[in-house]
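Listed here are the chains, written in short residue letters.
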Amino acid sequence: DVDSAEGLPLLVNGLDKALAKLSGCLVAGRLPEEFCKTLAERFSNNVVMICRHDVLNGISGVTQMNYAGGVRAAKILLDAGHRRFGWIGALGSKDSAKERLGGVLATLLDNNASLVSHLRLNERVVIPASKVAQSIAEVLPARKADWPTAWICSNDWLAAKLIVWARSQNIEIPREMSIVAFDNTRVAEELAEITITSVVFPYEQIARKSVELLEILLNAPVADSIVWSLPPRLRVGGTLGPAACMK
């Protein structure tokens, strides 16, 4: 746990011992700024972050385009005629959710659409169905006719929880409500019992490109950090339909 007071010194000490054997480093996940600086110094900037980067501290990376993914999710729903949207974001992965929401909001603004319901849930803990239902009810407009006809969820797990709630309310998907999520998680679809329309990021390709970028840095050191971005694709499933009024 590098976020703890004890974890960071232990990790730095481990790096000191390994430095004689290692020439570069691949990093997956978010790290404290202090440790990013340490990595860049110890490995002479021969560090590549997977799915993110830290150019301020000279660290290169291969990133997933979360903002572009948010744009893609909003655009397909707008093309289907939706104008009232809801958003459910993940507390457990705030950075990715924030970037995805940024793309969604910018696209809605450009197309005179509105975000009428906004909710954040922690997908890393078990949330009872009753709690999910209560949380959703708290952010919905008073009149059912004003409810979102489309929801965008920052990951498929949250989409699955939303689908379970919708069924409990006798809301038909996608006839009455459409849902687009992110990450194409098969286990979440098993819970939802439907193929979720999802923005898919090329994680395997990102991993391969990260190794390729590290090899470039090791063979030809550069002064500035390098950032490669790989765009997402859209996998259309059974949760996408035209806009319709809630009954």
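Here, the structure is the one placed above.
The present account deals with the structure reproduced in this document.

**Quick look at the packing of aromatic side chains**
All told, the structure shown has three aromatic pairs when counted by the stated rule. The interplanar angle of 40 degrees and the centroid separation of 6.1 Å between the aromatic rings of Trp147 and Trp165 together place this pair among those described as tilted. Of this pair, Trp147 sits in the loop between helix H5 (129-139) and strand S6 (150-153) while Trp165 sits in helix H6 (residues 156-168), placing them 18 residues apart in sequence. Residue Trp147 is classed as buried on the basis of its relative accessible area, which comes to 13%. Classification of Trp165 by relative accessible area gives buried; the value is 6%. Ring geometry for Phe201 versus Tyr203: centroids 6.2 Å apart, planes at 50 degrees, classification tilted. On the basis of relative accessibility, which here comes to 4%, the residue Phe201 falls in the buried class. Taken together, the aromatic side chains of Phe182, Phe201 and Tyr203 make up a single cluster linked through ring pairs.

**Remarks on H5**
Along H5, the positions that sit buried rather than exposed are Val132, Ser135 and Ile136. What you see down the axis of H5 is that its buried residues fit within an arc of 95 degrees, all on one side. Exposed residues lying more than 90 degrees from the buried face of H5 are Ser130 and Glu138. The inward-facing, buried residues of H5 contact strand S5 (114-121), S6 and H6.

**Comments concerning the sheet that holds strand S9 (residues 227-230)**
With parallel pairing, four strands are arranged side by side in an open sheet as S1-S2-S3-S9. The strands lining the two open edges of the sheet, one partner per strand, are strand S1 (25-28) and S9. Neighbouring strand axes in the sheet, compared pairwise and without regard to direction, differ in orientation by 15 degrees on average. Bridge count between strand S2 (residues 47-51) and strand S3 (residues 60-64): four bridges; the pairing is parallel.

**Some thoughts on the sheet that holds strand S7 (residues 178-182)**
Taking strand neighbours across the sheet as the criterion, the six strands line up as S5-S4-S6-S7-S8-S10 in an open arrangement whose pairing is mixed. For this open sheet the edge positions go to S5 and strand S10 (233-235), each flanked by a neighbour on one side alone. Taking each pair of neighbouring strands and ignoring which way they run, the sheet shows an average axis angle of 20 degrees. Along the sheet face, helix H4 (residues 94-110) touches strand S4 (84-90), S5, S6 and S7 and points at about 165 degrees away from the line of S4. This element, H5, spans S5 and S6 of the sheet and lies at about 150 degrees to S5.

Criteria and cut-off values
Residues numbered from 1 in each chain as written. Predicted model: local features only at pLDDT ≥ 70, side-chain atom pairs only at ≥ 80, totals over all residues. Heavy atoms only, no water. Phe/Tyr/Trp six-rings, centres within 6.5 Å; stacked < 30°, edge-to-face > 60°. Helix = DSSP H or I, 4+ residues; strand = E, 2+ residues; numbered from the N terminus. Buried < 20%, exposed > 50% of the residue type's maximum accessible area, 1.4 Å probe, protein only. Arc of directions from axis to C-beta. Contact = heavy atoms within 4.5 Å. Pairing = 2+ DSSP bridges. Axes fitted to C-alpha atoms, helices over the stretch in contact; angles between N-to-C directions.

The quantities given are spatial measurements derived from coordinates; they are silent on function.
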